[in-house]
Structure formats: structure tokens, C-alpha cells
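Secondary and tertiary structure notes
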Amino acid sequence: MASTANLRSRRSAGQLHALAEVEREIRTQDSHGRRKYLREFNQAFRSYESVLTAQEVQSSIRLADIVLIGDYHALAASHRPVILGVETIFARDQHILDEWWRREIDEAELRQRIRFDLDWGYDWGPFYDLLVSGRDNAEAVYGLDCMPRENLRKIGARDRHAAMKIAEIRQRHPNAAVCVLFGESHMAPGHLPKAIRQQNPEAKIVTVLQNVDSLYWKAAGERADKVEAVRVKDDVLCIFNATPLEKYESYRLFLDQWSRCDDNPDFAPTIYNLIDSLANFLEMNRYSPHNGTQPRFLVDLLPEVYGGSSGEMLGRLLLRKGVSAADLQKLIVRMEECGSAYLPQVNAFYVREFQMMHAAEDATRFLHHACQGLPHRLNGIPGVSGSANESRSADRFFALVIEHAVAYFGSRVLYPSRPAPVSDELPTRAAVEKAAKLAVRDEPETFEPVALDLGRCIGSQMYDAYLAGKVPLSGLRRLFLAHLHEPGLARKVCGTVISKLRAGSSAGAKAIHG
């Protein structure tokens with residue numbers, strides 16, 4: 001069984017490659033990270049006492065008089081009465097919020113009058129959903145912040161102001177629990193919690209942190225597949241609902257959007273960073289001039305990335321390339337469900353909404369195709385997708401199984417928090433052969449969903465074997481490089497992977513030939 005240190009290293013390796021590039025770019029655009037106030041937050045929470053279940057988190061919160069929730073603004077994840085207090089709205093604008101509460105003004109007027117886009121600038125949708133939930137379920141909603149937001153020398157005054165507003169709220173609603181949503185850097189013990197204790201010495205205060213980097217990396221060494229929360233100390237919890245990479249990619253997208261004064265973020269750097277990080281993880285040379293143990297000039301195969309208003313341009317490109325109406329409909333469904341899609345026919349991404357789990361899977365899917373020379377691109381090169389006879393269709397089924405397995409594995413490398421499939425029991429070679437025969441001959445409507453389910457089961461087992469140290473990176477790289485469009489090879493590769501995993505061999509996928 002892998003040690004705690006090895007588990008932490010293997011679970012974190014892919015993300016750390018990606019995170020380094022994101023943090024470098026953020027530092028060039030945002031120098032606030034070096035400020036004393038933010039350093040105090042980063043230094044305050046370096047370890048935890050124990051792992052918590054979701055039920056234990058709820059129990060701790062239920063006993064509190066004041067709950068402080070640390071919010072990373074760029075990241076869009078009891079019978080006792082509850083009051084909601086938010087940093088996003090200035091206390092001076094409480095009368096506007098009250099008008100909306102009484103349904104005297106609509107959403108658009110609220111957004112404009114509190115100057116949300118001018119003074120805040122993050123996603124409106126998730127915040128408005130929070131306000132609506134507060135209006136439906138809480139006793140009241142209050143704005144807690146004051147100016148100036150941009151001057152970190154005055155940030156302590158903002159903490160003291162918020163603490164006094166919370167004290168006033170508790171006098172107004174003595175039987176209610178106050179739930180406060182404020183920026184994460186305010187949650188350091190000497191910041192907002194200290195100011196609130198000075199104003200409310202008798203109150204039981206619980207601080208709920210979210211996705212603190214140092215705690216996340218430490219928890220990556222736990223035996224559990226997914227740690228939902230940890231207790232830092234008696235009155236401080238930390239819950240995990242996103243990865244550090246997901247946090248900082250979200251922030252980078254906002255920095256890009258603000259710098260260009262454009263409502264449509266540029267997703268290309270994010271997609272390229274995911275691809276680059278996975279290639280680094282697999283020890284691929286993106287500049288290799290030959291194809292053997294490395295993809296040939298991977299750097300020249302990077303996809304186009306479309307988003308927002310460029311969707312119409314992508315649609316015209318797909319039609320020019322002869323993509324069928326049925327395939328177009330599948331792509332639309334995929335983008336609506338997952339926020340993005342990789343389109344191998346034109347070697348392009350379309351990103352409507354950045355969702356780390358699905359973007360990581362799509363980045364892996366691209367890398368798998370690129371390592372084979374983009375065999376499905378509609379450029380006159382024959383590929384698996386163009387065949388209709390049974391033998392070639394069977395090849396396509398096995399190729400799809402391997403593609404989905406690789407895509408799932410890569411998504412777990414870049415996003416370890418992804419849940420395992422509902423059923424991830426490794427299928428036998430005979431079961432996969434039988435499924436292929438049924439899908440090709442008798443049940444064509446099950447062709448893609450069955451291949452997807454089988455691929456994810458195999459991919460989940462591959463990831464578990466990787467964590468246990470049973471699959472070497474060289475074997476995984478060969479799996480990416482296997483030319484699955486060659487007749488008969490996809491079936492052989494699929495069978496070899498299953499056999500190696502079932503045998504628990506430390507050789508992993510080593511026997512696969514590219």
C-alpha cells in the first residue's frame with residue numbers, strides 16, 4: 001500500500017505542474033499577494049487536527065452563534081432562524097437590498113444600483129442565487145462592507161466596521177444565527193474573527209474556510225479517496241469543494257477579463273496550461289522531432305480554442321468540414337451538460353463555461369488524439385471514424401473504450417476530486433468482447449454509452465493503480481501513443497490493459513506497443 005507521502009505526491013503531481021504556470025501569470029497581474037494582510041492568512045492555517053465528515057461539519061456549524069465563511073471570490077462552488085451577511089454589498093446600500101427583499105425592484109435594478117459590475121466584478125449569477133436563497137430561507141440579508149476596497153492599508157478598518165455591523169445585527173435578531181460570507185484573507189485569526197470577538201465576547205464563533213491550499217495538499221495524503229473537510233482547531237473548519245488549480249484558473253480568467261474590459265474571457269491560456277501540465281506529468285517532450293516514445297512536435301498540434309461570441313465561427317467551420325447534423329447535435333448537448341467540448345474533427349475546443357473536471361477530461365482527450373497524429377481530423381486522412389463494416393466498427397468500439405479510459409484517468413490526475421464512477425469494477429476481457437459484439441451487431445444505440453461506461457471503469461482502475469505505484473509513467477505514455485486506428489490494435493491494447501490491471505502487475509501498461 002502506498003505511503004502517505006507517496007499518495008500525496010501522486011495525487012498532487014499533475015495539478016502542481018499546472019498550478020505553477022497559473023501562479024506565475026497571476027503574480028504578473030496582481031501584486032497584492034505580497035501584502036502583510038494576505039501573508040498573515042496564508043501563514044495562519046498550515047495543518048489540521050482531524051478529518052471530518054459532512055455530518056460533523058453540519059453539527060459544528062449548527063452550534064454556532066456566528067459562522068464566518070471564507071470566500072474565494074473568483075470561484076463560482078436547523079430550525080433556528082438564520083441571518084445572511086455578505087461582503088459583496090456595502091452597508092450604505094442596505095436600503096436598496098431591502099427594496100429588493102420587499103420585491104419593489106427587480107434583479108436588473110438591484111445589480112445596477114449596488115454597482116455590482118463596477119465595484120465587485122465577479123460572476124453575478126452565483127451571487128444572485130445566494131441572495132434569492134437568503135430571501136427564501138433566511139430571516140434577513142445584510143450588506144456588511146465599506147470603502148475603500150482597493151486600499152489594503154485600510155483593510156483592518158473594514159474588518160472592524162463589519163464586526164460592529166454584525167454586533168448590531170445580533171441585537172436586532174437575538175435568537176438568530178448569523179452566517180457571514182467574507183473574503184478568505186479576512187479569516188486569519190487576527191483579522192475579522194478577532195474584531196468580531198471584541199464586539200461579541202459571549203458569542204460562539206465558528207470559522208469555515210474553503211479550499212485552503214496548504215490544508216488541501218496535506219489532505220491529499222489521506223487514505224480516503226476524497227476528504228470533504230478537516231478540523232483545523234476547535235473553532236476553525238476547512239471544507240474542500242474545489243482544487244487549488246480550479247481556484248487559480250478561475251481567478252486568472254477574471255484577471256484576463258478585467259484587463260481586456262471584455263465580458264468574454266479568453267479560455268485559450270487555461271486549456272493550453274492543462275494540456276501542457278498533463279504532458280509534463282507524462283514526461284512528454286513537446287518539441288520532439290520524431291514519433292516513437294514521444295509525440296512528434298506536439299507543440300505544433302495544439303488546438304484552436306473558441307468561446308463566447310466565436311461559437312458561430314466554429315459552427316461554420318464544422319459545416320465546411322462536413323460534420324453531420326447528428327454529430328453537431330451531440331456536440332451541443334455535450335457543451336450544455338459539461339460547459340466545454342473537444343472537437344477532434346477540427347482539432348478545436350469550444351468553452352461555454354469553464355468547469356475544471358470536464359475541461360481536464362477534454363484536455364486529456366486532445367492529448368490522446370494528438371499523440372496519434374490527430375487521426376479523426378477531417379483532412380482527407382483515413383481514420384477509424386470513417387469505417388462502416390463490422391471489423392472496423394469493432395475496432396472503433398475498442399478505440400472509444402481506450403479513449404474514455406485515458407480521458408477519465410487524465411481528468412483524475414488534474415482534478416483528483418472527481419468522484420469515481422458509480423460502478424468502477426474492472427470488466428473482464430470477455431465482458432468487453434461481448435459488449436462490443438452486442439453494440440456493433442444487435443444494439444447500435446448502446447454503442448457510445450456502453451463504451452463510455454467501460455472506459456470510465458477502466459480509467460478509474462488505472463488511476464487507483466497509479467496511486468498504488470503499479471503503473472509507470474512510461475507505460476501510460478505508451479498508452480497515449482498507441483495508434484488505435486490501425487486495424488486490430490485497439491482490441492489488443494484494450495485486452496492488454498485489462499489483463500495487466502486484473503493481474504495487479506507493477507508493469508502496468510508496459511506491454512502496450514505504440
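Residues numbered from 1 in each chain as written. Predicted model: local features only at pLDDT ≥ 70, side-chain atom pairs only at ≥ 80, totals over all residues. Heavy atoms only, no water.

1. Overview of the pairing of strand β5 (residues 177-183)
With six of seven residues buried, β5 lies mostly within the body of the structure. Summarising the sheet, strand β2 (residues 66-71) and β5 pair through six bridges and their orientation is parallel. In the sheet register, D71 faces β5, and the bridge partner there is G183. Alignment of strand β3 (residues 82-90) against β5, held across five bridges, turns out to be parallel. Directly across from I83, in β5, lies its bridge partner V178. (Buried < 20%, exposed > 50% of the residue type's maximum accessible area, 1.4 Å probe, protein only. Helix = DSSP H or I, 4+ residues; strand = E, 2+ residues; numbered from the N terminus. Pairing = 2+ DSSP bridges.)

2. A word on a positive patch on the surface
A contiguous patch of positive charge on the surface is contributed by R316, R320, K321 and R377. Mapped onto the elements of the fold, R316 is located in helix α13 (residues 311-320). (Patch = residues over 30% accessible without salt bridge, like charges linked within 9 Å, V, L, I, M, F, W, Y side chains within 5 Å. Areas by Shrake-Rupley, 256 points an atom, 1.4 Å probe, with all protein chains shown as cover. Salt bridge = Lys/Arg side-chain N within 4 Å of Asp/Glu carboxyl O. Lys, Arg positive; Asp, Glu negative; His and termini not counted. Charge placed at Lys NZ, Arg CZ, Asp CG, Glu CD.)

3. Some remarks on the packing of aromatic side chains
Enumeration according to the criterion identifies 17 aromatic pairs in this entry. Their ring planes at 80 degrees and their centres at 5.5 Å tell us that F281 and Y466 sit as a pair that is edge-to-face. Note that F281 is positioned in helix α12 (residues 268-281) and Y466 in helix α18 (residues 447-467), a separation of 185 residues in sequence. On the basis of relative accessible area, F281 is assigned to the buried category, the value being 4%. For Y466, a relative accessible area of 7% translates into the label buried. Here the aromatic rings of F397 and F398 are separated by 5.9 Å at their centres, their planes lie at 85 degrees, and the arrangement is edge-to-face. (Phe/Tyr/Trp six-rings, centres within 6.5 Å; stacked < 30°, edge-to-face > 60°.)

4. As for the sheet that holds strand β10 (residues 340-343)
The strand order across the open sheet built from three strands is β9-β11-β10, with neighbouring strands paired in mixed fashion. Taken across any chain shown, the strands that pair with only one partner, and hence form the sheet edges, are β9 (304-307) and β10. This sheet shows a mean twist of 15 degrees between the axes of neighbouring strands, independent of strand direction. Summarising the sheet, β9 and strand β11 (residues 348-351) pair through four bridges and their orientation is parallel. What sits directly across from E304, in β11, is A348. α12 contacts β9 and β11 of the sheet and is inclined by roughly 140 degrees relative to β9. On the sheet, helix α15 (residues 356-371) packs against β10 and β11 and is oriented at approximately 5 degrees with respect to β10. (Axes fitted to C-alpha atoms, helices over the stretch in contact; angles between N-to-C directions. Contact = heavy atoms within 4.5 Å.)

5. A closer look at the nonpolar core
In terms of nonpolar packing, the biggest core is built from 129 residues, with L110, F366, L367, F397, I458 and M462 touching the most fellow members. At 11 residues, the largest contribution of residues to this core is made by helix α16 (residues 390-414). When near neighbours in sequence (up to four residues on either side) are disregarded, L367 contacts L278, A279, L282, M284, L298 and F480. (Core = buried A, V, L, I, M, F, W, Y, C linked by side-chain atoms within 4.5 Å.)

6. Focus on the pairing of strand β8 (residues 236-239)
Sheet topology note: the strand β6 (residues 205-210)/β8 ladder contains four bridges and is parallel. Residue pairing across strands places L209 opposite C238, the latter belonging to β8. Of the strand pairs in this sheet, strand β7 (residues 229-233) and β8 are connected by four bridges, and their pairing is antiparallel. Note on β8: the bridge partner recorded for A229 is I239. Connecting β7 to the next strand, β8, in antiparallel fashion are two residues.

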